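A look at the structure
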Amino acid sequence: MQKSPIKYVFLLPAVLWVLAFTIFPLIYSLRISFYNIRLGRNVSAIWVGLHNFARVFTDSRVQESVVVTLVLLVTTVTAQLVLGIALAVLFNRHLPGRSLLRTLMTTPLFATPVAVGLLFLTIYYEEGGFINSILPWKIPWISHPQWALVGVGLVEIWQWTPFCFLVFLAALQSLPDELYEAARLDTSSGWRVFRSLTLPMLQPVVILVLLLRLTEGLKVFDIPWGLTGGGPGTATQTYSMFTYRAGFRHFDFGYSSALGYVMLIAEMIVITFFFKRMRQVYE
Amino acid sequence: MRHVLRLLSVLAVLALGLAPAQETYVTFNADGSITIRLLTDDETVTFAPGELGNLVGPGLQPYAGKTITVTTNSGGVMGGISGPIYQVRPAWEELTGAKLNIVEIPLGEAFPQVFADLQLGTGQFDGFIVGADWYGDLVEGDFVVPVDTYFDNPGFPTWDRSGFPPSLQTLYTWGGRWYGTLNDSDGQVLYYRRDILTDPAIQAEYQAATGRALVVPPPTWDDVLSIARFLNGRDLNGDGEGDSGVVLHLKVNAQGLFHFISLAVPFVVTRPNQPFWFDPDTMDPIINSPGHVRALEFLIELSQYGPAAQVGWDLGEGWDYFLRGRAAFVFSWGDVGSLVQIPERSDIKGKLGASILPGVREVYDTASGQFVAVDPPNVVGNTTGGSWHGMISVLTPNPDVVYHLWATQATRSFSLWNVRQGWTGVDPGMAWHFVPPYGNASLEAYLSQGWNADDIVEYHRAYRDNYFAPLNLSFLRIPGAFEYRQSLDQNLSKAESGQLTPQEALDLTFAQWQETTDRLGRDRQRAIYRASLGLE
């Protein structure tokens, strides 16, 4: 049984799939990142060596988009984690209507991000949009560089906090009650129980959620795309948006591939770091 | 088995009998003319005998069994640019026997999607509605079919090229050959509230406040600024709220940059075919010349008298603000003039004024490197925008079928129907689109579509003056136009939202354009740019 070759037949589709749709594009894009390439009826590909990678580190537009991405990443992921844990702790208690509220809480998660961006375009609309119509002053949600970034961040938080909440709630519900009963004999402070008991036990899950949100957050694209288009100016243009524009708006495929590879390396560093940390926690 | 077959036969006969009679959209008239019914508008268009060519006629369906797919801007059955194609589709399919698939692509995605299809050789689109600035990429890339080979073929619909102003003809041709078929004509003109600017009380108040007469239409941009400043904050539509002097649509990655382009031309261009974008000898950008910088400074100053939200507004929001009577000025495309006539969308029908974009009294002289005074003001027309029209993909196996569709849209009868509507997004530009004394179109036909007689005279005068102006902006149509434009657009938006000074924004554009030119090949770009200016 162990030596039966049939297992290779069953494995073959998956191997072919990965080869065709992961390995080949990866190798091909690495190759074209060393070229100034223009596709078309008269394909031209000029070898430029590391020039495209050098451009990534000298292009002011890249630097701007990195700053935007990092600002969004740090602020929104922090807020998502904090709010997610807070809501999970709240919903881990007996609340009236808890099931309904929990369902409502998770609905943003199922909305398409581009559609969410467009939805918030109407909510943020500065002349009579929902928010500005109930506020005594007008907030320039879309037209002011910093406010636009705040606006994008709030939508990101609104959409992805439920994900953190769901995972944390599941983790909380799996914690043994006996430990809490024992802890209550030592202290009556809920905060101390949370800090000394709940949080340490949640740490592996927190790291996992952080890892998932960081890797997703680094690629943030659709919400700013639908909401602001990256503007005003480039105030909300993220790294992924810039990469997309380089490739599919300007057809600068070599540069776009180099940008993609730099992102890939950054993500790999993040993932490696967090996996190491997770291993330490588990060990 | 026999019973089953019998039952099926009976059911089939019943089904045929119960099926509704097939709708007919085409009527062949006794005099040889052809009348078609449009899809939803309950309207008809009658083509003169022979206007649709001799391939079509009673009992003839020259393209039966063929299918073509064309792209157009997103908008739906009653949307700008897309709507007319939907409207003519059933009749055209009935006439030719062909099947027409329409693919809508959002404006910002249109060029990338079409260009990707061509570059990758997929060939999923047989034809496309293109923007005039795509020509450099499409024609130089050998991606499109010239259409002038069809002009003398009596089989195809005939369309009138005699009314083309040179400024627009340039947009439909490349290297002396026609690649586009008539559809839309784009250029920006100044729209204003005629009722307010010609109000004697307002005029007297303005004179007292500023010491200068309120001339209508305003001859210079300084006059527009002064009037906008004067009217800003006043109630212009009687709703008790303060309104704006001007409204702009400045959203980035949309069509905000066209405001700058149209406004900046008279600051820089003083002679025919004068470069506006690059030095044709070196291909170095001139986009950060003192003239361009002053124009951007002016635009930002003007924008102070509009709603702050306009930095994030696309056409719809900007136009709506003006149509609801909330601004005294807007400078934009022909759509505004026709949308004003639709009561459901506009509160200012009968109050519209329009003129060619104003001039400036001080222009930047590239030779001396100084600003020099000019009298009369330097006024320059523009063909800013898409001038959206049909082209044929070189990859299509059915170029004749695609041409037949585009040529049907280009016929005088259909084109006139198009420009008389408020919603089609197809704007007038041919001499025969304009009512007398600016052209020879029927005023009655426009009035029967609900146009206000005074509004239409203003509107057509403005566009006639614009397209037939002695000086006109040479539109940027070289390969990479999309990329050059996007750099400019983003940097303009940074200046308009206070992230950069005008000088910094245009210097940055200069640097980014240099990089793009080097990547695309400076010599090739220079040769194409020179050709586009008629220098070679």
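Residues numbered from 1 in each chain as written. Chains lettered and ligands numbered in written order. Predicted model: local features only at pLDDT ≥ 70, side-chain atom pairs only at ≥ 80, totals over all residues.

When helices and strands are tallied, chain A shows 12 helices and 2 strands. Summarising its shape, the C-alpha atoms of chain A cover approximately 75 × 75 × 30 Å along the three principal directions. In chain A, which comprises 283 residues, the proportion classed as buried is 33%. Sequence-distant contacts in chain A: of pairs separated by 6 or more residues, those separated by 24 or more amount to 71%. (Helix = DSSP H or I, 4+ residues; strand = E, 2+ residues; numbered from the N terminus. Buried ≥ 20, exposed ≤ 12 C-beta atoms within 10 Å, placed from the backbone. Contact = placed C-beta atoms within 7 Å.)

Put simply, chain B has an average pLDDT of 93, and 96% of its residues get 70 or more. Model confidence for the complex is summarised by a pTM of 0.89, with the ipTM given as 0.87. (pLDDT = per-residue confidence, 0-100.)

Residue and element names in this part refer to chain B. The first and last C-alpha atoms of helix H3 (residues 107-119) sit 19 Å apart over 13 residues, in line with the 18 Å expected at 1.5 Å per residue. Considered for burial, the residues of H3 that qualify are Ala110, Phe111, Val114, Phe115 and Leu118. The buried residues of H3 occupy an angular sector of 100° when projected down its axis, which confines them to one face. Against strand E4 (67-73), strand E5 (99-105), strand E6 (127-130), helix H4 (135-140) and helix H17 (481-496) lie the buried residues of H3. Positive backbone phi, at 75°, marks Gly121, one or two positions downstream of H3. (Expected span 1.5 Å × (residues − 1). Arc of directions from axis to C-beta.)

Let us now look at the domain arrangement of chain A. Residue and element names in this part refer to chain A. Split by domain assignment, chain A resolves into domain 1 (6-47) and domain 2 (59-282). Here the C-alpha centroids of domain 1 and domain 2 sit 32 Å apart. Counting residues per element, the ones that place at least two in the side of domain 1 that touches domain 2 are helix H1 (6-32) and strand E1 (35-38). Taken together, the residues of the side of domain 1 that touches domain 2 sort by class into 5 nonpolar, 3 polar and 1 charged. (Domains from an automatic or database assignment. Nonpolar A, V, L, I, M, F, W, Y, C, P; charged D, E, K, R; others polar.)

A separate point is the pairing of strand E9 (residues 189-193) of chain B. Consecutive side chains along a regular strand alternate between the two faces of the sheet. Residues and elements named next belong to chain B. Taking burial as the measure, the 5 residues of E9 include 5 buried ones, the bulk of the element. As judged from the 4 bridges shared by E9 and strand E11 (residues 327-332), these two strands associate in the antiparallel manner. Bridge pairing links Tyr191 to Val330 in E11. Pairing between E9 and strand E12 (residues 352-355): 4 bridges, direction antiparallel. In the sheet register, Tyr192 faces E12, and the bridge partner there is Gly353. (Pairing = 2+ DSSP bridges.)

Glancing now at the packing of helix H11 (residues 239-249) of chain A against helix H12 (residues 253-282) of chain A. Residues and elements named next belong to chain A. Running from amino to carboxyl end, H11 crosses H12 at an angle of 155°, the nearest separation of the two axes being 7 Å. It follows that H11 is roughly antiparallel to H12 by the angle criterion. Like other packed secondary-structure pairs, H11 and H12 cross with a definite hand, here left-handed. Contact with H11, carried on its side by Tyr239, Thr243, Ala246 and Gly247, involves Phe253, Tyr255, Ser256, Leu259, Gly260 and Met263 of H12 and no other residues of that element. Residues belonging to the contact of H11 with H12 are distributed by class as follows: 6 nonpolar, 4 polar and no charged. (Axes fitted to C-alpha atoms, helices over the stretch in contact; angles between N-to-C directions. Parallel < 35°, antiparallel > 145°, perpendicular 65-115°, else oblique. Left-handed = near helix turned anticlockwise from the far one by under 90°.)

Before going further, it helps to spend a moment on the domain arrangement of chain B. Residues and elements named next belong to chain B. Domain parsing of chain B yields domain 1 (26-186 + 386-449) and domain 2 (189-382 + 476-507). For domain 1 and domain 2, the distance between their C-alpha centroids amounts to 31 Å. In this assembly, 16 residues from domain 1 lie in contact with 16 residues from domain 2. Elements supplying a minimum of two residues to the side of domain 1 that touches domain 2: H3 and H4. Across the side of domain 1 that touches domain 2, the residue classes break down as 4 nonpolar, 7 polar and 5 charged.

As a further point, take the interface of chain A and chain B. With 23 residues of chain A at the contact, the number on the chain B side is 25 residues. The residue inventory of the side of chain A that touches chain B, partitioned by class, reads 8 nonpolar, 10 polar and 5 charged.

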